[in-house]
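# A structural walkthrough
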Amino acid sequence: MKEWLAPGLVTSQLTRSGEDRSYRRMPPWPWKMGQEVFLQNRRAICGTKGGQSSCVCCVRRDEAVVCGIVGYIGYRNACSVLLDGLKRLEYRVYDSVGIAVNNSKKIEIIKEAGRVSDLERIVKEIAPSGTQGIGNARWANHGGVSVVKAHSCPSRDKHFILAHNGIIENCSELKETLLAEGFNFTSERDTEVIAQLLMKFYDGDVLKALTSLQGQLKGSYALAIVDEEDMDHIYCMRGGFPMVLGMGEGESLCATDTLAILPYTKNVISMDDGDIAELSSQGIKLYDAKGSPLQKKNFFIDWDLSSAERRGYPHFMLKEIHEQGGAFRSTLEGRLINGGVDFSGELALNKEVIKRLRAIHLVACGTSYYASLIAERAFERWCDLDIKVDVASEYRYRNIRLSPNTLAVFVSQSGETADTLAAQRRARELGAYSLAVTNAQESTLASCCDDVLLLKAGPEIGVAATKTFTGQIAVLYLLAIYIAKVRGTLTPRMEKELIDELIRLPYKIEATLEREHVVEELASNFSGSQSFLFFGRGISYPVALEGALKLKEVSYIHAEAFAAGEMKHGPIALIDSNVPVLIVAPKDSLHEKTLSSIKEAKARRAPVIAVGFDGDEQLANDASHVLYVPPTREEFSPFVTVVPLQLLAYYMAKKRGCEIDSPRHLTKSVTEE
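All of these numbers come straight from a predicted model, not from anything done at the bench.

## Considering the packing of aromatic side chains
Tallying each qualifying case throughout the model produces 14 aromatic pairs. Considering the side-chain rings of Tyr369 and Tyr370, the 5.7 Å spacing of their centres and the 50° angle between planes classify their relative orientation as tilted. By the burial criterion, Tyr369 is buried, and Tyr370 matches it. Taken together, Phe328, Trp382, Tyr477, Phe636 and Phe639 form an aromatic cluster joined through their ring pairs.

Structure follows, in C-alpha cells:
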C-alpha cells in the first residue's frame, strides 16, 4: 500500500515543501512532543504526550465526525468516479478528503486537508489507475482539521482499507482489548480501531469477519471496505448512518447520498441497520447481521441529473429559489383527481384509520419545523383534531401521550436527520401511526415509517433549504385537505376552492420571482447591518421565523423572529435606528393588528421593511420599504411571502461575500444528535 499526503508536511529536518507542491510521505507517527509541522500552510506544534492527543496534529478518539462515502467497482477509472462522487457530496460541507484506489498491485491512498479540488490537484500528478476504490470526505464537529485525520484508514498490516462515517461509542474498550492482544495503533481514531478489529476476526472469510465485527460495534456507523488482496469486491456495513447502493451494467457503487452515484445509475438499494453488502462488477449481494442472504427492494430515483447542476446560476441557492414554482407543480402532480385531493393510491393509511384519529403530531427540525408550524394552522382550520407541533430534539425526550389513534408526521428533507429518526422510533414504540414527509424515498425515515409522502422537489444542493420548504408545506396542506375530506369537516365546494388556488400558486410564486431586482437593491442598502428583527402574526409568524433563519444561515447576520403581538413583551427594547425590522404583513384577518406593529417600530425610528400583497397602499404609507407579492388566500400566503425573505437572505449574503451554498459550520443533513 502506498500513501500520499497533502503539501507542506515536514521532513525529518523540519523543512517545508513550500509552493512547489511536492508531496512527501507522512513522517513517523506519532510526531514527537514539540515537533513543528505545517498543515495547509499553517504552523502547528504537536502537543502529544503520554498517548493523549490535544492539538491540531492529533486526533481525539471521542471527536464527532460527519463523513461522506463513495465506493466504486466496475469498468471505469475508479479515481474519476470517486472524485466526481465526492464533489457531489461536497454540498454537505467537508474539510478533508481522501481516496483509496486498487491499481492491481497495491492500494494507493491519497489524502488532503481541504476541498475536493485540492485533492484533485494531487491526483493529477500521481494519476492512480484502477477500477476499484473508495473515497471519503470528512467534516469535524469537534477537533481540528488535518491530513492525518482525513480518511481512508488501513488496518495494521494494510490488508483492509476503511472509509467510515459515524462514532463508535465502545471504542475505548475495544482498543484496550486489542492492545492487550498485541495490536499497535498509529492514531486515536475510532476508524483505526474498526480496521484492527476486522483484521483480528479475518481468517480468510471476509463475510464471517464482518458479521463478527458487526456484533462488536456499538454506536452509529456506515462503512465501505476494500481488501488489498481482493480486486473483485467492495464491502459495506450499516449501523445507524445512511448507505445506499447503486446497481449499474457491469458496475456497482455505494455512497452515503444518492447524488454521488446518480450519474452512473438511478437504481438504488437503501441499506438497513445490520445489513452487510458485497459489491462486485457482476452485481450486489446482501446479507443480514448473521450472514444470511437478504432480498431487498430497489428504488428508481426519478431525478434529472441536470437538476443537480447550477445551469448558469451563480449559486445553487438562487437556482433552487427559482425552481419553487416547478417543484410545487411536481408536488401536486398525480395527487389532484377530479378536482380533489386523492392519496388513496399512495398511502396505506386507509379511510377507516383516518376516521378513528384523535390527534396529529408534526415533528421536525429547523426549516422543516417552521414548515410544520405553518401547516399546523391549516390542520387546525380544516380538521377537527388535536394538532401538536414539536421540535424533534425535544419531542423525543418528552413524556408524550401517543396511541394508535395518533398520526405522527415526521418531516425531514433528507430523511436522515438524527433527532427526527429518534423521535420516530419513540412514537412507533408507543403505538402511533407514523408518516414520513421527505424528499428522499430511499432514506432511513422513509423505510422506518408506516407511510411516506414524497415532496418530488428533485435534488436540493444548497445547505439552506428553499424549494423543499415550499414542498413540505404543499404536501402537508394536501394531507390536511385529504384528512379533512375523509372526516367530513371540509365540504366539496371548499375543497374545490382550495384546490383551484393551489393550482394558481406556482404562477404566483414565479410572478414574485420576477421582482427579484427590487429585493437585490434592498439588500445593497442593508448588507452592512449587524442585526435584524423579524415579526409576523398568525400564519405569518412561522414565515418570519424561517426568514430570520435564512438570513442567519447564509449571511451570518444576527436575526431574531417574534410573534408581532409579543413586540411589547421585550423585543421592542432592541428596536432603534440601527436595527432594521422586517414585518410579514399580508392582507389577512390580522392585518390591522400587524399595521399597528409597523407603526410601533417606525415610532422608534427603525427602518421597516414590510412584505405585503399588491395594492396594499397602507403599507406604503407606514413602512420604509415594501416588498409586494401577488395576493392569495390567507392560509396560502406563506407560499408567496417567504420568497422575498429567501431572496433577501441570498442577496445579503452575496453582498457580504459569504459562502452561500456551504455556510460555515452547517451541513445539509444533521445525522447525529
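## A word on the packing of helix α9 (residues 366–382) against helix α13 (residues 467–487)
At a closest axis distance of 9 Å, the pairing of α9 and α13 adopts a crossing angle of 25°. In terms of orientation, α9 and α13 fall into the roughly parallel class. At the point where α9 passes α13, the crossing takes the right-handed sense. Seen from α9, the contacting residues are Thr367, Ser368, Tyr370, Ala371, Ser372, Ile374, Ala375, Ala378, Phe379 and Trp382; seen from α13, they are Phe469, Gln472, Ile473, Leu476, Tyr477, Leu479, Ala480, Ile481, Ile483 and Ala484.

## As for helix α3 (residues 171–180)
Every buried residue belonging to α3 is among Cys171, Leu174, Lys175 and Leu178, and all of these are buried. Burial along α3 is one-sided: seen end-on, the buried residues are contained in an arc of 100°. Every exposed residue of α3 that faces more than 90 degrees away from the buried side is listed here: Glu176 and Ala180.

## Looking at the state of the cysteines
The full count for this structure, using the stated rule, is 0 disulfides. A disulfide-free cysteine, Cys254 has its sulfur positioned 3.5 Å from the sulfur of Cys236, the nearest such atom. With no disulfide of its own, Cys448 lies closest to Cys449 among cysteine sulfurs, the gap being 6.9 Å. On the basis of relative accessibility, which here comes to 25%, the residue Cys448 falls in the partly exposed class.

## Side note on the side chain of Ser368
By secondary structure assignment, the location of Ser368 is in helix α9. On the basis of relative accessible area, Ser368 is assigned to the buried category, the value being 8%. When sequence neighbours within four positions are dropped, the list of residues in contact with Ser368 reads Val411, Ser412, Gln413 and Gln472.

## Focus on the side chain of Thr470
Among the secondary structure elements, Thr470 is positioned in helix α13. A distance of 2.5 Å separates the side chain of Thr470 from the side chain of Gln324, its partner in a polar contact. Contact partners of Thr470, with chain neighbours within four places excluded, come to Gln324, Phe328, Ile509 and Phe639.

## Quick notes on the packing of α3 against helix α4 (residues 190–201)
Orientation of α3 relative to α4, taken along the N-to-C sense of each, is 45°, at an axis distance of 10 Å. Considering their axes alone, α3 and α4 lie oblique with respect to each other. In this structure, the crossing between α3 and α4 has a hand that is left-handed. Touching Cys171, Leu174, Lys175, Thr177 and Leu178 of α3 are Asp190, Val193, Gln196, Leu197 and Lys200, all from α4. In the contact of α3 with α4, the residues fall into 5 nonpolar, 2 polar and 3 charged.

## Some points on the sheet that holds strand β23 (residues 406–412)
The strand order across the open sheet formed by 5 strands is β22-β21-β23-β24-β25, and the pairing between neighbours is parallel. On the outer flanks of this sheet lie β22 (386–391) and β25 (451–454), each paired with one strand and no other. Between one strand axis and the next, the sheet turns through 20° on average, direction left out of account. Sheet topology places strand β24 (residues 433–438) next to β25; 4 bridges connect them, and they run parallel. Following the sheet pairing, Val437 is matched in β25 by Leu453. Packing against the sheet, α9 makes contact with β21 (359–364), β22 and β23, and its axis sits at approximately 170° to β22. Running over the sheet, helix α11 (residues 418–429) touches β21, β23 and β24 and is turned about 165° from β23.

## Section: α11
Given a rise of 1.5 Å per residue, 12 residues ought to cover 16 Å, and the 17 Å separating the end C-alpha atoms of α11 matches this to within 8%. The set of residues buried in α11 consists of Ala418, Asp419, Thr420, Leu421, Ala422, Ala423, Gln424 and Ala427. Contacts from the buried residues of α11 go to β21, α10 (392–395), β23, β24 and α12 (444–448). One or two positions beyond α11, positive phi appears at Gly431, with a value near 100°.

## Concerning the environment of Glu600
Here Glu600 lies in helix α17 (residues 591–603). Classification of Glu600 as buried rests on a relative accessible area of 17%. Spatially, the C-alpha atom of Glu600 lies 9.5 Å from that of Ile575, the residues being 25 residues apart in sequence. Excluding its chain neighbours within four sequence positions, the residues that come into contact with Glu600 are Met567, Lys568 and Ile572.

## A closer look at the sheet that holds strand β29 (residues 608–613)
In spatial order, the strands read β27-β26-β28-β29-β30; together these 5 strands make up an open sheet with parallel pairing. Of all strands in the sheet, those bounded by a partner on one side alone are β27 (558–563) and β30 (625–629). For this sheet, the mean angle separating the axes of adjacent strands, direction not counted, is 20°. Where strand β28 (residues 581–584) lies against β29, 4 bridges are found, and the strand directions are parallel. Along β29, the bridge assignment pairs Leu582 with Ile609. Relative to the sheet, helix α15 (residues 516–526) contacts β26 (531–536), β29 and β30, its axis offset from that of β30 by approximately 155°.

## Description of the pattern of salt bridges
Enumeration over the complete set of coordinates arrives at 32 salt bridges. We note a salt bridge from Lys508 to Glu501, for which the minimum N-O separation is 2.7 Å. Judged by relative accessible area, Lys508 falls into the buried class, the value being 17%. Between Glu546 and Lys550 there is a salt bridge whose closest N-O contact spans 2.8 Å. Note that Glu546 and Lys550 are positioned in helix α16 (residues 540–555) at a spacing of 4 residues, about one turn of the helix. Pair check on accessibility: Glu546 and Lys550 agree, each one buried.

Rules used in this analysis
- Residues numbered from 1 in each chain as written.
- Predicted model: local features only at pLDDT ≥ 70, side-chain atom pairs only at ≥ 80, totals over all residues.
- Heavy atoms only, no water.
- Phe/Tyr/Trp six-rings, centres within 6.5 Å; stacked < 30°, edge-to-face > 60°.
- Buried < 20%, exposed > 50% of the residue type's maximum accessible area, 1.4 Å probe, protein only.
- Axes fitted to C-alpha atoms, helices over the stretch in contact; angles between N-to-C directions.
- Helix = DSSP H or I, 4+ residues; strand = E, 2+ residues; numbered from the N terminus.
- Parallel < 35°, antiparallel > 145°, perpendicular 65-115°, else oblique.
- Left-handed = near helix turned anticlockwise from the far one by under 90°.
- Contact = heavy atoms within 4.5 Å.
- Arc of directions from axis to C-beta.
- Disulfide = S-S within 2.5 Å.
- Polar contact = N/O pair within 3.5 Å; in protein donor to acceptor, adjacent residues only side chain to side chain.
- Nonpolar A, V, L, I, M, F, W, Y, C, P; charged D, E, K, R; others polar.
- Pairing = 2+ DSSP bridges.
- Expected span 1.5 Å × (residues − 1).
- Salt bridge = Lys/Arg side-chain N within 4 Å of Asp/Glu carboxyl O.

Purely spatial values, then, with no claim about function.
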